[in-house]
Amino acid sequence: MVEPDTLRSLLEAARWAPSSYNEQPWSFIVATKQDPAEHARLVSCLVEGNIEWAQHSPVLMVSVARLSFEENGKPNRHAFHDVGQAVANLIVQATALGLVVHQMAGIHPEKIRELYNLPEGYEPVAGIALGYPGDPESLPERLRQRELAPRERKPLTEFVYTGRWDRTSPLVSG
Ligand SMILES: Cc1cc2nc3c(=O)[nH]c(=O)nc-3n(C[C@H](O)[C@H](O)[C@H](O)COP(=O)(O)O)c2cc1C
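Structural notes, computed from the coordinates. (Residues numbered from 1 in each chain as written. Predicted model: local features only at pLDDT ≥ 70, side-chain atom pairs only at ≥ 80, totals over all residues. Heavy atoms only, no water.)

### Some words on the overall build of the protein chain
Note the following rule: Secondary structure counts use DSSP, requiring at least four H or I residues in a row for a helix and at least two E residues in a row for a strand, with both numbered from the N terminus. Exposure categories follow from relative accessible area, calculated using a 1.4 Å probe and restricted to protein chains: below 20% of the type maximum is buried, above 50% is exposed, and the middle band is partly exposed. It only takes one pair of heavy atoms within 4.5 Å for two residues to be counted as in contact. In this description, accessible areas are obtained by the Shrake-Rupley approach with a 1.4 Å probe, and a residue is regarded as covered only by the protein chains that are shown. The positive count covers Lys and Arg only, the negative count covers Asp and Glu only, and His and the chain ends enter neither. Taken as the charge location is NZ of Lys, CZ of Arg, CG of Asp or CD of Glu.
Looking only at helices and strands, one finds seven helices and four strands in the protein chain. Seen in sequence order, the protein chain has helices and strands lined up from the N terminus as α-β-α-α-β-α-β-α-β-α-α. Oriented by its inertia axes, the alpha-carbon framework of the protein chain measures out at about 55 × 50 × 30 Å. Here the protein chain holds 174 residues, and the buried ones make up 34% of them. Taking the contacts inside the protein chain whose residues are at least 6 apart along the sequence as the reference set, 69% of them involve residues at least 24 apart. In the form shown here, the protein chain has an accessible surface area of approximately 11,100 Å², with 53% of it arising from carbon and sulfur atoms. Positive and negative charge centroids in the protein chain, built from 17 and 22 side chains respectively, lie 6 Å apart.

Dropping the structure here:
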């Protein structure tokens, strides 16, 4: 279980994210295991491969983006970017408090739209599962291997450019 005060502090961190025109285009649908019906509703919005592990997570969320500006109805090209940034803030706060967060592209956006009555112009972005770290030994083999595998990222030289596209920046070329 994650204490409500702790959860509120994560959402507070998300709230303070910067956004284009300070539009704050994010919303979060939240479900905790303390309310089994709501938890089950959110689990039902995940793809099968994610349900396998995420159903055990005490807290599930879906981030939602408002795609147009409230002020003038024009498309907000940075809506997804800003929702991601709010989630990044949430993750930093969660990590500082000893929680682990796993995001999920594997959701059913149309089902979410229907089940939660999303108004037009709002788009589900990603699922979020969070909780305190569990014991990897309790996972099925395939998931345990993934959990314990070394973490990998591309080197800076593959994506930092100066002068023109594909010219690696001297800043990172060593
Ligand atoms: C937007 C986003 C969507 C993701 N979707 C899924 C998903 O549906 N299922 C899953 O198991 N992991 C998902 N992940 C986790 C990534 O696969 C993971 O972060 C990546 O493989 C790097 O692993 P690491 O964060 O453990 O280093 C997602 C991550 C992000 C940021």
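Having seen the model, we can carry on.
### Observations concerning the site of the ligand
So the rule is basically this: Residues are labelled near a given molecule or strand when at least one of their non-hydrogen atoms is within 4 Å of it. N or O atoms closer than or at 3.5 Å make up a polar contact, with two conditions inside protein: a donor-capable atom paired with an acceptor-capable one, and, for residues adjacent in sequence, both atoms drawn from side chains. Here the term charged refers only to Asp, Glu, Lys and Arg, the term nonpolar to Ala, Val, Leu, Ile, Met, Phe, Trp, Tyr, Cys and Pro, and the term polar to all other amino acids, Gly among them.
Lining the immediate environment of the ligand, one finds Asn50, Trp53, His102, Gln103, Met104, Ala105, Gly106, Arg146, Arg151 and Arg153. Between the ligand and Arg146, the relevant distance is 2.8 Å, taken from an oxygen atom to a side-chain nitrogen or oxygen of the residue. A distance of 2.8 Å separates an oxygen atom of the ligand from a polar atom in the side chain of Arg151. For the ligand, whose accessible area on its own is 630 Å², the fraction buried by protein is 51%. Those elements that place two or more of their residues in the shell around the ligand are α3 (48-54) and β3 (100-104). Ranked by the residues each element gives to the shell around the ligand, the list is headed by β3, at three residues. Among the residues forming the shell around the ligand, the class breakdown is three nonpolar, four polar and three charged.

### Regarding the packing of aromatic side chains
In this description, an aromatic ring pair is defined by two values, namely the gap between the centres and the angle between the planes. For clarity, the cut-off: Ring pairs are drawn from Phe, Tyr and Trp, using the six-membered ring of Trp, whenever the two centres fall within 6.5 Å, and their geometry is named by plane angle: stacked under 30 degrees, edge-to-face over 60, tilted for the rest.
Counting across every chain of the model gives two aromatic pairs. For the ring pair Tyr21 and Phe69, a centre distance of 5.4 Å and an interplane angle of 80° mean the geometry is edge-to-face. Of this pair, Tyr21 sits in the loop between α1 (4-15) and β1 (26-32) while Phe69 is found in the loop between β2 (59-66) and α4 (79-96), placing the two residues 48 residues apart along the sequence. Accessibility expressed as a relative area gives 12% for Phe69, which makes it buried. Ring plane angle 75° and centroid distance 4.6 Å describe the contact between Tyr161 and Trp165, whose orientation is recorded as edge-to-face.

### Points about the pattern of salt bridges
Put simply, the rule reads: What counts as a salt bridge is simple: a side-chain nitrogen of Lys or Arg found within 4 Å of a carboxyl oxygen of Asp or Glu.
One pass over the full model with this rule turns up eight salt bridges. Residue Arg66 is joined to Glu23 by a salt bridge in which the shortest nitrogen-to-oxygen separation is 3.9 Å. Separated by 43 residues along the polypeptide, Arg66 in strand β2 and Glu23 in the loop between α1 and β1 bring together distant segments of the chain. Under the relative-accessibility criterion, Arg66 is labelled buried at 19%. Of the charged contacts in the structure, one is a salt bridge between Arg41 and Glu38, with a shortest N-O distance of 3.0 Å. Taken together, the positions of Arg41 and Glu38, both in helix α2 (residues 36-43) and three residues apart, correspond to about one turn of that helix. Taking relative accessible area as the criterion, Arg41 reaches 31% and is therefore assigned partly exposed.

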